[in-house]
Structure formats: structure tokens, C-alpha cells
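So you can see what is in the structure, the chains are spelled out below.
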Amino acid sequence: MRLSRGWNLWHALGRRKVLDSLSLGKSDLARVLNTLDLTALGVGSTLGVGVYVLAGNVSKNVAGPAVILSFLIAAFASLLAGLCYAEFGARVPRAGSAYIYSYVCVGEFIAFVIGWNLILEYVIGSASVAKGLSKYLDSLLNETMERSFLENMPVDTAGSLAVSAYFDMFAFGVSLILAAALALGVKESSLVNNLFTFINVGVVLFVILAGSFKAESKNWNINPEEIDEEYRASAGRGGFLPFGVSGVMKGAATCFYGFVGFDCIATTGEEVKNPQKAIPMAIIISLGIIFLSYFGVSTVLTLMWPYYLQDPDAPIPKVFIEVGWPVGQWIVTIGGIFGLCASLFGAMFPLPRIIYAMSMDGLIFRFLGHVHHYFKTPFFGTLIAGLLTGLMAAFFDLDQLVNMMSIGTLLAYTIVAACVLLLRYKAEINEEAEGYSLLPSELNDNEGEENMYKDIDPYGSNDNISSEFIESTRLVTLKEKISFTTVSKQLLNASRMKHPTLLTSNIVAAEIVVFSVLSIFLGLCVIYWKKDLAAADPSAVSITSIIAVLLIFILLSIGLQPTSTKSLTFKVPFVPVIPALSILINIYLMLMLDGDTWIRFGVWMAVGMILYFGYSVRHSEESKFKFVKLPPNQDKRTHYTSEEDS
């Protein structure tokens, strides 16, 4: 079958990665990690220095004692994303996290966008932790390192707000050392990470238990008239909710980023002994530990000392000094060092895995994915990732760049949630009515057709699907004509279909796109009409209400469609509500980011587009397959994507 070049390019953007049971179990990486290792990785990467800073900062400036509710809401939002990642970890246990998930489900172009943004996320995230560790240690040394670096390695910033005034040799060196450790063996470096994480969690437990002895309930019910004059203007109206419900929600948006990092667990799919069970379990357990840590610390912190007197930069050491326990200051300081080390490990660990997965698929240069024959790690990719991280940490003040990391994270969360919906309502026998299959492109049209057909379901095995069901699905699919009438009837599943077909799958896919677009409009209404909505302005309320009703209708329609009966070791509960809420929340948080962040993000994406259209689209592994016409008596259809030169 001959296709035009324009048609080839269009299908190349949407070609999906095909994974069978053999490819899911095959890996060049060493499978040495267990559930404990993954849980420590997730906790360590997420529970960094933020647990010692975030609660004090948010309680003083944004939410007051109700910071505990902010953490509860943020944990709920993170749990929505975590459940979606857990299902995909059970469904597609491969290295690459959201990148590989979107490649299997949505298509190559979206997968490249996600992978490219994940690289940005992990580079900036790792560099920010390395920079934070440098500044944290330097503060204990009275800024000795900063003075030395300014004298010996100054950088001419030329008025730039992002470039550091000096080359931070410590941040550069620690990034290279950790990258070398990761390159020399995952299991050995994970044991060190486990130790750092256990010490960090131990310090958090010390803060919670020791602080509870000094807790006073009156600090949750402060009379605003008793607040000192110098603090009264910035202390709100006192009590448990000094800044109102809006303060709680604003605090939740800040606290949400305290949970970012657990997704690194999903990048370990090819290095885990039992990924289908270990990945979902580790994600859920780590999120639980992280929430309890944040919730416990924020509770005792605001009970030990009034919220308006908190130190936003180092709240816990200050509180222990104020209550007469200065030894707690040093325990917390030591815990912060170990927490930052564990956080740096967790931040750097996933980056070479993303690079490895993309290079193995041919979307970036292949040498980056080379696996060392002895260490069984993506050796060059890990070292290059460490070099990038070190240079970023050494040359830049990352405060101006960290928000770019948030876009990549939230975009990945959104795509994963959408993929969960797509696959849950996907017809088990896909595109079979088209009558085409895939063969390696090096074969001739008439060569090997008899023995090259493979019964591959990219989302799992078809072994449990009866031939009667396959036949009935095909007949229904062939009889369905996409028209206004059939689509209208199927929106509420008037025919009461029990199994998904191509029509129902396509309806759900279209509804997910519309839901995402409407979520953007709803977010913009809430952000830019905040005062109008609070004042009950008729036009603002009417438009916002219409959008909200449409979102609810779409959610109802998706929920009425027939779902896949595929068996998994873990499934997201309450589908489609949980993935849809995750999409809505993530889009809202992305819209909250400032314009400069989106401009920087646009520049990064422009570089990525040059790479994709100049290199990736021609070197993709999926481009090695082409369309062939199936024999009329072929019962099962091989899943197909597209071929750029078929």
C-alpha cells in the first residue's frame, strides 16, 4: 500500500509503540530493586528539605494553622496522579515513566513531547537540589564557600537574573560524584539512598514526637487582638483559618509541589524484580509516608509556636530554640543534610532512565542508551546526565528556572491520567476492521507474510478473550457507521453495549480531548474572574456554570461507556472520576504559572521540535514497520501504527 509523504508524516506523529509479553520481560538492565528500594527512592526524592521549610513558610504567609488542610488537599491531588501512575506501572513495566506510557497509548509525537519535558524536569530538579545542598552546607559554614568561589571563580552575569555570580564547584562536584555512583551500580547506590532516607524519616519522627510534648492547643485559636502590633497587619484574622478558605487553597497549590518526585518510581520498570506489583505498591506507600510526614510536622509546628511568628526559611530549628530545646536544632540540621542527599539521589536517578528509553526507541541519539556490559546501567547516559546537572547547578541561580520543572511534571501527570481513561475504555481488538497489519520494513511485500503475523495486543495478552467475543466485536465494529445518529445514541450508551468497540473508544477519546480543553477554559475563568465570581457577577457565573455543567455531562457520558475487562494487578478505582479530577487539577496548576515560565518553556520546546523533525521522526524504531494487507481469513489483527516510507 502506497501512502503520500504528507500522510506518512501525519501517521508517523501518531504511531504507537507495540509491546508484547516477550518485550515486557526483556531488558538489558539489571533487575535488582525490590519494593523497599522503590519506596525509599520515592520517599527520598520527595521528602527533601521541603519538609523542614514548607510547613513554616505556608503557615506564616498563606494558610496559618490550616496548613494541615493545605497538605491534605495537596496529598489528595497527588494521590490522584499517583493512582494513575500505579496502574500504568502495572500495565507497562518499562523504563521511561510517562514517556513510555504515552508512547504505548497516545502516539510518538506526544511521547516525545513528554520525554523531552521530563528531561528538562529532572535536570532542573536535580540541579536545584544540588544547589540547595551547597547553600545549606554553606550556611552552616558562615558562607565560606560562597566567598571563596566569588574570589576564585566569578562569573560575569552581564545583568542576567538567572546566571549565578560564581561557579559553584561544590554543586558541580557532588553532581558528578553521584552520577558516577549511579553509573557503577544501581543496587549499591540504592542501599546508600535507603540509609539516607531512613535517617531522614527518623529525624521527621523525632520532630513529630518531641514536638508533641510542647504542643499547645491555644496556638490554633489565637485571638487577633492579642497579636503584637507589628505582626497584626500580616497575621490575618487569627484562629485556625486566619486567611480563610482561599488561603487554604492557595497553600494547597504551594504544598502540591512538596509531593512532586514520586513519579521517579515509575522510571524503574526494567530494574525491578516484580514491577507489576512492586511499582504500584511503592507509589501508594511512599505517598502515604510523605503525607503523614508533612501532616505531622505541620501539626506540631503550628501547635508549638504561633503561626505568625514562624521563621519561613528555617522554622523547625527556630521553634526548638524558642521552646528551650536547642539540641533539636542540630538534630534537624543533620536530618536536612541527609534529606537533601536522598532527594538528590531520587532526582538524578530517573533522568538517565528517560534518556535510555528514548534512545532505545531512536528518538534521541542511540549512544546515550548504551548499557554497560558489567555494571548493567545506562553508563554514558548517566554520566552525561550528571554533567548536565552539575553545569546547571554551577552556573545558574535556579529560582528563576524551577517553575519550568513544574510544567513538565504537571503535563506528564495530565497525559498519564488521560491515558488511563483511554485504555480503560479501549476496544480490546483494535483497528481490526481496517484489515492491515505491520511487518518490519526491510521485508518485501510478498516475503514472509505467512509466518510474520503476530497476535500482539500492545496493552496486554489476548489469551483470555474468547473467539466468540472477537468475532462479535468485529461484527459490531463493521456494522457501526460513524454518524450524528449513532454517536448521539452512544453518548449515553442507549444501546447498552457491554464491551468497548471502535465507536465507543473513539467517542471516549474525543470526549477526553474536549474535557481537557474545557478544563483550560474553566481554569482561566476561575483565575481571571476570581473577584467577579466572588461578587456573583451574572455573566461570569453563567459562563463558568455552563462550562462546569458540560464537564459533568462529559464525565457522565464517559462513565456510561463500556469498559475493558482486561485483568491487571492494580487498577485506578472510581474511573472516570479520579483520572478526570487529576486532569482538571493539573491543568489549573499549570495555568497558575507565570508568563516568563511559559516563554522559557516555549524556547525549550522549540529546540525539541528541531530535534524531533530533524532526527527522531526518521530514526524511530517504530518506523521499521510498514502496512501489509492481511489475508481474508486472518482471524486476529496485529496492532498497527504507521510507516513513514511504506
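Cut-offs used in this document
Residues numbered from 1 in each chain as written. Predicted model: local features only at pLDDT ≥ 70, side-chain atom pairs only at ≥ 80, totals over all residues. Heavy atoms only, no water. Helix = DSSP H or I, 4+ residues; strand = E, 2+ residues; numbered from the N terminus. Axes fitted to C-alpha atoms, helices over the stretch in contact; angles between N-to-C directions. Left-handed = near helix turned anticlockwise from the far one by under 90°. Contact = heavy atoms within 4.5 Å. Nonpolar A, V, L, I, M, F, W, Y, C, P; charged D, E, K, R; others polar. Polar contact = N/O pair within 3.5 Å; in protein donor to acceptor, adjacent residues only side chain to side chain. Salt bridge = Lys/Arg side-chain N within 4 Å of Asp/Glu carboxyl O. Buried < 20%, exposed > 50% of the residue type's maximum accessible area, 1.4 Å probe, protein only.

Caption draft 1: Broad picture of unusual backbone geometry. Note the cis peptide between Val575 and Pro576, where omega equals 15°. Looking at where Pro576 falls in the secondary structure, it is placed in the loop between helix H24 (538-560) and helix H25 (577-591). One non-glycine residue, Ala536, adopts positive backbone phi at about 60°. Turning to its location among the elements, Ala536 is positioned in the loop between helix H23 (530-534) and H24. For Phe574, which is not glycine, the phi dihedral falls at a positive 55°. As for its position among the elements, Phe574 is in the loop between H24 and H25.

Caption draft 2: Structural view of the packing of helix H6 (residues 98-105) against helix H18 (residues 402-424). Closest axis-to-axis distance for the H6/H18 pair is 10 Å, and the angle between their directions is 35°. Taken as a pair, H6 and H18 cross one another with a handedness that is left-handed. Touching Ala98, Tyr101, Ser102 and Cys105 of H6 are Ala412, Ile415, Val416, Cys419, Leu422 and Leu423, all from H18. Tallied by class, the residues present in the contact of H6 with H18 amount to nine nonpolar, one polar and no charged.

Caption draft 3: How the structure looks around the side chain of Asp361. Assignment of secondary structure puts Asp361 in the loop between helix H16 (350-360) and helix H17 (379-395). Here Tyr99 takes part through its side chain, which lies 2.6 Å from a polar atom of the side chain of Asp361. Aside from chain neighbours lying at most four places away, what touches Asp361 is Lys17, Tyr99, Ile100, Tyr103, His619, Ser620 and Glu621.

Caption draft 4: Quick peek at the pattern of salt bridges. In the structure shown here, the tally under the stated rule is six salt bridges. A salt bridge links Lys131 to Asp168; its shortest N-O distance comes to 3.8 Å. Separated by 37 residues along the polypeptide, Lys131 in helix H7 (residues 108-140) and Asp168 in the loop between helix H8 (144-152) and helix H9 (169-183) bring together distant segments of the chain. Both residues of the pair, Lys131 and Asp168, belong to the buried class.

This is a description of form; function is not addressed.
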